[in-house]
Every structure is written in C-alpha cells, then in structure tokens.
Amino acid sequence: MKLVKLGLLNIFLFTLVTGYTQELAQLSTPEHEKKLVITHVAGDNYVFTSYNTFKGKKYSAHGMYVVTRDGVVLINTTWDETQMQPLLDSIMERHQKKVVLAIATHFHEDCVAGIKFLRDRGIKTISSKQTYDLCKVHDTANQPEFYFTKDTTFTIGGHKIQTYYPGAGHAKDNQVVWLKDQNILYAGCLARSIATSSLGNIADGDVKEWPSSIRRVMKKFPKHRYVITGHDDWKSNDSLEHTLKLVER
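None of these values were measured; they are calculated from a predicted model.

What counts as what
- Residues numbered from 1 in each chain as written.
- Predicted model: local features only at pLDDT ≥ 70, side-chain atom pairs only at ≥ 80, totals over all residues.
- Heavy atoms only, no water.
- Helix = DSSP H or I, 4+ residues; strand = E, 2+ residues; numbered from the N terminus.
- Buried < 20%, exposed > 50% of the residue type's maximum accessible area, 1.4 Å probe, protein only.
- Contact = heavy atoms within 4.5 Å.
- Areas by Shrake-Rupley, 256 points an atom, 1.4 Å probe, with all protein chains shown as cover.
- Pairing = 2+ DSSP bridges.
- Axes fitted to C-alpha atoms, helices over the stretch in contact; angles between N-to-C directions.
- Phe/Tyr/Trp six-rings, centres within 6.5 Å; stacked < 30°, edge-to-face > 60°.
- Lys NZ or Arg CZ within 6 Å of the ring centre and 35° of its normal.
- Core = buried A, V, L, I, M, F, W, Y, C linked by side-chain atoms within 4.5 Å.
- Polar contact = N/O pair within 3.5 Å; in protein donor to acceptor, adjacent residues only side chain to side chain.

### A closer look at the overall build of the protein
So, point 1. A count of helical and extended segments in the protein gives 7 helices and 12 strands.
So, point 2. For the protein, the proportion of its 249 residues judged to be buried stands at 47%.
So, point 3. Taking the intrachain contacts of the protein between residues at least 6 apart in sequence as the baseline, contacts between residues at least 24 apart amount to 60%.
So, point 4. Looking at the protein as shown, the accessible area adds up to about 13000 Å², and 53% of this sits on carbon and sulfur atoms.

Now the structure itself:
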C-alpha cells in the first residue's frame, strides 16, 4: 500500500512539475519565437496574433474574433496557414464554440492566408468585391467564397459587426471593422502602430489617398475605445493620429 501511495505521489509531483515547467517555458518564450497569441480586449472581443517573415525579418500580424451565441466570427485569418488549426482549437477550448464566418479586410497574405483552410472545412468566408477580385488575381486558392458590394453590417448572435471602406491607403481595398458593443475599431493595416515610424509595405498602397481615408475613419468612428492595428503594438488609442502624421510627412 505504501508503494502504491508513493507511486501516486511521484506521478502527481511529476505532473505538477511538468505543467509548471511548460508554463514557465511559454511565459519565457521570446516574442520572435511565438507562433500564436490570443489576447482578450473587451467583452466578447479578442485579438489573435500570428507571426511570419517578411524580407528576412519576423513580424506580428493581428486579426480578431468575436464570440457570439451563434458561433465565432473571425476578422482575417492567421498570417501562416499552419496556425489556423491551433487558432480553431484554442477558440473551441476557450469558448466551446465553432467559427461560423471569416471576414477578410484586404487581399494581402496576412489577412487571407487561411481562407482556403476555412473553406475546406465548410466555414463561410467573405470580403468586399474589391478584395474578392484582387484575391482572384494574386491568390486564387485563398479567394473568399462570398463578397459584399457596399458597407455591410453583419448581425450574428446578438453582435453587430460593421464593415466600412474609407478609401485606399495601405492597400486599395483596405476595409476597417467597427464592433459597436465595446467601441472597438479594427483598423488593420490602414493604421500604423505607434511603435513604428515606417509606413510598412506600400507596394499595393496609395499614399496620396491615405490621409483622406484616415480622416474619414476618424470622422466615422470618433468614439473609438480601442484601435487594433494590423501589426506591432496595438494597445495605444492614438494609432490613427500617428498614421496621419506618418503619411503626411
């Protein structure tokens, strides 16, 4: 009996130490080595951050998801398709809900890399007609299944998710998304983080139109509580003003 108790105690201690070690390893993982991070913003709204390499340097990319009583809505996909299953698994583990819809805000890989993955699993994917057409040119495999032709408010499980096209900026098709329940603006790559002084990738952008697009967003959603940028630190509420200064410089 003593041997059995001792064995059970050893198993318990091993499990405890192993779990603690794994937790410490996760906490101590350098930012550039992480693959997927989920951060609660407010209410039923979460930011998911994935990572990829652009021109030899590793960058973060932020999407969002909204938990509704009828399922979870993604705003963009992970930048790396291999992180889509971990994202779906994490959502199910945290909320016991499936993803029912994904909205892509522009055609770049950091927004649509997981579209085919979602489509193959029967999850609805949608974007603006502009984004839909640009995906057809640049990445047919990750072209959304559906598209909308004007600013649209999706009402899902008691949550209103509003898309708005302010004009060109980082890309010609960049949409923003307004989450009214918590006054959260997902500005995506239209807004630059205060952590950077660069405009980032503007190969598909329109720098001349960008200031006007930013001003339209600021006028449309003046009471934003949070502004989620596409990359880098998103926890400042001044990224729109910061971006305006950068593009007018």
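### A short note on the sheet that holds strand β12 (residues 226-229)
Two orientations exist for strands paired in a sheet by backbone hydrogen bonds: parallel and antiparallel.
So, point 1. Taking strand neighbours across the sheet as the criterion, the 5 strands line up as β8-β9-β10-β11-β12 in an open arrangement whose pairing is mixed. The two strands at the open ends of the sheet, each matched to only one other strand, are β8 (153-156) and β12. Neighbouring strand axes in the sheet, compared pairwise and without regard to direction, differ in orientation by 20° on average.
So, point 2. Relative to strand β11 (residues 184-188), strand β10 (residues 176-179) runs antiparallel, the two sharing 3 bridges. Opposite Val177, over in β11, you have Tyr186 as the bridge partner.

### A look at the pairing of strand β2 (residues 45-54)
Note on strand geometry: in a regular strand, side chains alternate between the two faces of the sheet.
So, point 1. Of all 10 residues making up β2, 7 are buried, and the element is well covered by its neighbours.
So, point 2. Pairing analysis gives 6 bridges linking strand β1 (residues 36-42) to β2, with the strands arranged antiparallel. Looking across to β2, one finds that Ile38 is bridged to Phe48.
So, point 3. The antiparallel pairing of β1 with β2 creates a hairpin that spans 2 residues between the two strands, and Gly43 there sits at a positive phi of about 60°.
So, point 4. As defined by bridge partners, β2 adjoins strand β3 (residues 57-68) across 10 bridges and the pair is classed as antiparallel. Its bridge partner lying in β3, Thr53 is registered against Lys58.
So, point 5. Connecting β2 to the next strand, β3, in antiparallel fashion are 2 residues, including Lys55 with a positive phi near 50°.

### Regarding the packing of aromatic side chains
So, point 1. Under the criterion given, the structure shown has 5 aromatic pairs.
So, point 2. With a centroid separation of 4.9 Å and 10° between ring planes, the pair formed by Tyr46 and Tyr65 is classed as stacked. Here Tyr46, found in strand β2, pairs with Tyr65, found in strand β3; they are 19 residues apart in sequence, far enough to count as distant.
So, point 3. For Tyr65, a relative accessible area of 0% puts it in the buried group.
So, point 4. An angle of 55° between the planes, with centres 4.8 Å apart, marks the rings of Tyr132 and Tyr147 as tilted. Taken as a pair, Tyr132 in helix α5 (residues 129-138) and Tyr147 in strand β7 (residues 146-148) lie far apart in primary sequence, 15 residues in all.
So, point 5. Positioned above the aromatic ring of Phe117, the side-chain terminus of Arg121 is 3.5 Å from the ring centre.
So, point 6. The side chain of Lys129 reaches across the aromatic face of Tyr147, ending 5.3 Å from its centre.

### What to know about the nonpolar core
So, point 1. If you look at the biggest cluster of nonpolar residues, it comprises 20 residues, and the most contacted ones within it are Met64, Phe154, Ile161 and Leu179.
So, point 2. Those elements that place two or more of their residues in this core are β1, β3, β4 (71-75), β5 (99-104), β8, β10 and β11.
So, point 3. The next biggest cluster of nonpolar side chains, apart from the first, holds 17 residues, and it includes Trp178, Leu199, Leu240 and Val247.

### Regarding the environment of Thr68
So, point 1. Take Thr68: it is sitting in strand β3.
So, point 2. Owing to a relative accessible area of 2%, Thr68 belongs among the buried residues under this scheme.
So, point 3. In this structure Thr68 touches Lys97, Ile156, Gly157 and His159, once residues within four positions along its chain are discounted.
So, point 4. A distance of 3.0 Å separates a polar side-chain atom of Thr68 from the backbone nitrogen of Asp70.
So, point 5. A polar side-chain atom of Thr68 sits 2.7 Å from the main-chain carbonyl oxygen of Gly71.

These figures capture arrangement, not role.
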